[in-house]
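# Working through the structure, step by step
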Amino acid sequence: MRDPSRPKNRRILLIDDNEAIHEDFRRILRCDAEPSDFERLDAALFRGRAGRSPVRFELTSATRGEEGLEKVREAREGGNPYALAFVDARMPPGWDGIETLSRIWREDSAIQAVICSAYADFSWGEISARFGHTDNLLILAKPFDPIEVRQMAFALTEKWNQRRALAEANDKVSAQYTVTRILVEATTLTEGVLSLLGALGETLGFRFAALWLGDDEGGGLRCEHTWSAAPDDAAELVAATRGARFARDAGLPGRALAQGEPSWFVDLDAVDDDARARAARGAGLRFAVELPIAVRADAQVAAVLELMDAAPRAHDPGLLDVLLAVAAKAGHFIGSKRVEAALRRSEANNRALLDAIPDTILRISSDGICLGFKASRESRPTLRAEDFLHRHVADVFPARVAEQITERVALALTDEATHVFEYQEQQGDGAREYEVRIAGRDEAEAVVIVRDITERKRAEAEAEARRAREDALRAQNETLAALSTPLIPISDDIVVMPLVGALDAQRVRRVQETLVRGVASRRAHVAILDITGVPQIDGRCADELLRAAVAVRLLGSEVILTGLGPDVARTLVELGVDMSGIVTHSTLQDGIASAMTASAARGKRRRRRARARR
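Before going into details, it helps to say that this report is about the structure given with it. Everything quoted here is computed from the prediction, not taken from an experiment.

Calculation rules
- Residues numbered from 1 in each chain as written.
- Predicted model: local features only at pLDDT ≥ 70, side-chain atom pairs only at ≥ 80, totals over all residues.
- Heavy atoms only, no water.
- Helix = DSSP H or I, 4+ residues; strand = E, 2+ residues; numbered from the N terminus.
- Buried < 20%, exposed > 50% of the residue type's maximum accessible area, 1.4 Å probe, protein only.
- Contact = heavy atoms within 4.5 Å.
- Areas by Shrake-Rupley, 256 points an atom, 1.4 Å probe, with all protein chains shown as cover.
- Salt bridge = Lys/Arg side-chain N within 4 Å of Asp/Glu carboxyl O.
- Expected span 1.5 Å × (residues − 1).
- Pairing = 2+ DSSP bridges.
- Axes fitted to C-alpha atoms, helices over the stretch in contact; angles between N-to-C directions.
- Polar contact = N/O pair within 3.5 Å; in protein donor to acceptor, adjacent residues only side chain to side chain.
- Patch = residues over 30% accessible without salt bridge, like charges linked within 9 Å, V, L, I, M, F, W, Y side chains within 5 Å.
- Lys, Arg positive; Asp, Glu negative; His and termini not counted.
- Charge placed at Lys NZ, Arg CZ, Asp CG, Glu CD.
- Parallel < 35°, antiparallel > 145°, perpendicular 65-115°, else oblique.
- Nonpolar A, V, L, I, M, F, W, Y, C, P; charged D, E, K, R; others polar.
- Phe/Tyr/Trp six-rings, centres within 6.5 Å; stacked < 30°, edge-to-face > 60°.
- Right-handed = clockwise from strand over helix to strand, strands pointing away.

Below, the discussion takes up the overall build of the protein chain. Along the backbone of the protein chain there are 18 helices and 21 strands. By residue count, 41% of the 614 residues in the protein chain fall in the buried class. At a minimum sequence separation of 6, the contacts of the protein chain that also span at least 24 residues come to 63%. With an accessible surface of roughly 32900 Å², the protein chain has 51% of that area assigned to carbon and sulfur atoms.

Listed below in structure tokens is the structure:
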């Protein structure tokens, strides 16, 4: 999984108090334009061609152990460690080579080391006692052979690079295993994402991680989860990241989403148009990789995994393969958790809807066994699920009700129709009415819904009684209305309407309607309107009465107004009511006599015309 194009680490640190030794090492490890004798020997030893590119070493010098330790520390913190250190055994004054090397290994345990000694300063037993049995250490006796020095330099730096490649491969495999375990064990999306980000940061050596999830509404990205190896240093970056939204082509994650492929930002110093990139640089981060994730649930939703580090990283195909594998697992995890969350919401909604139904609901098998039970909200305290579940309906319902349920369950499973019946049950607070609805759910079971309809039945009975009372009252009112405006026929062509009591607008309209309809239906020639019993009359009522008289005249009949008292007459005069065309008499008797006389005259005229036609 190591990138073969990545240059190998050939950095060597020489710690010796003798300047001549430094000059010898520079000469031995030099890389001139023309191959030296040493390089020809190197090519011969490693079966290479004399003209091949020589191995280039980078040599750094230190004259004291303290100085060498500081250079090792600086190189490691800068992300460019030494692969090999040549350390002189004796460096008076200060630390000797053994002390120097022990401190260096506490700072960087991966560095390869060679102890250079001209004397038997330390026995192998003393060295073993100090360092234990280690394969990171060789002994080089002075005076040394240049070929031996160069061969050690090549072999030990190559060993360091191989170990680094192996460690990186192990880290990547470990990262995949850890991610898989985390995503399998996580119970929620938040739990899995937070553990995923932390695992990637710790196993792959990143300093900051974030997951941007697709925003279904806007089609962009939103970040809810971040991880940082140094939260205090990354506080500004976290604040600029968590809760932030980016459009599809905005910001570092948005660009990766728009491109649809991983974006490798080798150096964030080159990104000037992004506030988060500036915040990352403020947190000491210089490298970022943005990895789009395909999340498939009900629809394809995008996500982006973002990882940052302090040291720039060259493009690493091996690391990219690991991240792509992680992205595939993360996409599957996010999609499955989205589906699970949707299912939980749906189940919660269904449960809420079911709980809101004020009925008792049972699932009954074809053989009458209760498989499921939900009590109504108004159920009696003694109505418990354990009293119904896995019991036959005959054990929990009255015998006649259980028989009806069993019969209708069988029918519902056959014809797939809904069957309804009602029953009554005596309880402590009196009789209760129930409605039972049975519908086939599948071939094996039916749903039975038992609803308490006592209040509905009571309300229906009350409504029926109220309608009966209203009908009776309406009939009574109609009778009273008819009595209050009677139309009395006294001959074939004469009708009389005597009015008694106060007149209001509603009664006057009824007078008008009854009078006009009666005259039209009876074909009366004279209508006598007697207001002897009316104590007083206002202008509006007078107008309505005159309108009735006009309507009667339009039908070809004559109106006689009788019973005008002094007060009513004065009121009509004061109101300026036009009485022209209306015959008036002081008493009903006079009015009837006048009408009878006029009727007799009309009869004689009709008889004369009849004789004339003969």
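In the Ramachandran plot, His390 falls in the positive-phi region, its phi being about 65° despite a non-glycine side chain. Here His390 is to be found in the loop between strand 13 (370–374) and helix 12 (393–396). The backbone of Arg523 sits at a positive phi, close to 55°, despite the residue not being glycine.

A few words on the pattern of salt bridges. One pass over the full model with this rule turns up 26 salt bridges. Across the pair Glu422 and Arg456 runs a salt bridge whose closest N-O atoms are separated by 3.7 Å. Taken together, the positions of Glu422 in strand 14 (residues 419–427) and Arg456 in helix 14 (residues 454–484) put the pair 34 residues apart, joining distant regions of the chain. Taking relative accessible area as the criterion, Arg456 reaches 34% and is therefore assigned partly exposed. Between Arg467 and Glu464 there is a salt bridge whose closest N-O contact spans 2.4 Å. Within this pair, Arg467 and its partner Glu464 are both found in helix 14, separated by 3 residues, close to a single helical turn. Overall, Arg467 belongs to the partly exposed group, its relative accessible area being 42%. Look at Glu464 and you get partly exposed, because its relative accessible area is 45%. Salt bridges here are not isolated pairs; linked through shared partners, they connect Glu422, Glu435, Arg437, Arg456, Lys457 and Glu460.

A few words now on helix 16 (residues 539–554). Here helix 16 is 16 residues long and its end C-alpha atoms lie 23 Å apart, about the 22 Å a rise of 1.5 Å per residue gives. Looking at the buried side of helix 16, the elements it contacts are helix 15 (505–522), strand 19 (526–533), strand 20 (558–562) and helix 17 (566–575). Positive backbone phi, approximately 90°, marks Gly556, located one or two places after helix 16.

With mixed pairing, 5 strands are arranged side by side in an open sheet as 17-18-19-20-21. Among the strands making up the open sheet, the edge pair consists of strand 17 (488–489) and strand 21 (583–585).

Attention shifts here to the sheet that holds strand 5 (residues 137–141). Spatially, the 5 strands line up as an open sheet ordered 2-1-3-4-5, and their pairing is parallel. Here the strands that pair on one side only, and so sit at the sheet edges, are strand 2 (58–62) and strand 5. Averaged over neighbouring strand pairs, the angle between their axes works out to 20° when direction is ignored. Strands in contact with helix 4 (residues 97–107) are strand 1 (11–15), strand 3 (84–88), strand 4 (112–117) and strand 5; relative to strand 4, the strand with the most contacts, it is inclined by about 175°.

Below, the discussion takes up the side chain of Arg10. Here Arg10 is to be found in the segment before strand 1. What makes Arg10 buried here is its relative accessible area of 12%. One polar contact links Arg10 to Thr157, side chain to side chain, over a distance of 2.7 Å. A polar atom in the side chain of Arg10 sits 2.8 Å from the side chain of Glu158. In this view, Arg10 contacts Val55, Arg56, Phe57, Glu58, Phe154, Thr157 and Glu158; residues no more than four positions away in its chain are not counted.

Moving on, we come to a positive patch on the surface. A contiguous patch of positive charge, built from Lys604, Arg605, Arg606, Arg607, Arg608, Arg609, Arg611 and Arg613, is present on the exposed surface. Positionally, Arg611 belongs in helix 18 (residues 588–613).

Turning our attention to the packing of helix 7 (residues 189–204) against helix 11 (residues 317–356). Look at helix 7 against helix 11: their axes get within 11 Å of each other, and the N-to-C directions meet at 170°. The pairing of helix 7 with helix 11 is recorded here as roughly antiparallel in orientation. Across the interface between the two elements, Leu189, Gly192, Val193, Leu196, Leu200 and Leu204 from helix 7 touch Leu319, Leu323, Val326, Ala330, Phe333, Ile334 and Lys337 from helix 11. Here the contact of helix 7 with helix 11 is built from residues that sort into 11 nonpolar, 1 polar and 1 charged.

Take the packing of aromatic side chains next. Inspection of every chain in the model, using the stated rule, returns 8 aromatic pairs. Each ring, one from Tyr423 and one from Tyr434, has its centre 5.2 Å from the other, and the planes form 20°; the classification is stacked. Of this pair, Tyr423 sits in strand 14 while Tyr434 sits in strand 15 (residues 430–440); the two residues are 11 residues apart in sequence, bridging distant segments of the chain. Tyr434 shares its class with Tyr423; the two are buried. A network of ring pairs unites the aromatic residues Phe25, Phe86 and Phe144 as a single cluster.

Let us now look at the pairing of strand 4. Across the 6 residues of strand 4, 6 count as buried, placing the element largely inside the fold. In strand 4, alternate side chains face the same way, and those of Gln112, Val114 and Cys116 on one face and Ala113, Ile115 and Ser117 on the other are all buried. Bridge analysis of strand 3 against strand 4 gives 5 bridges, and the strand direction is parallel. Its bridge partner lying in strand 4, Leu84 is registered against Gln112. As for the winding sense of the linkage, the β-α-β connection from strand 3 through helix 4 to strand 4 is right-handed. Pairing of strand 4 with strand 5, which is carried by 5 bridges, proceeds in the parallel orientation. By the bridge assignment for strand 5, Ser117 is matched with Ala141.

Function-wise, these values are silent; they only describe arrangement.
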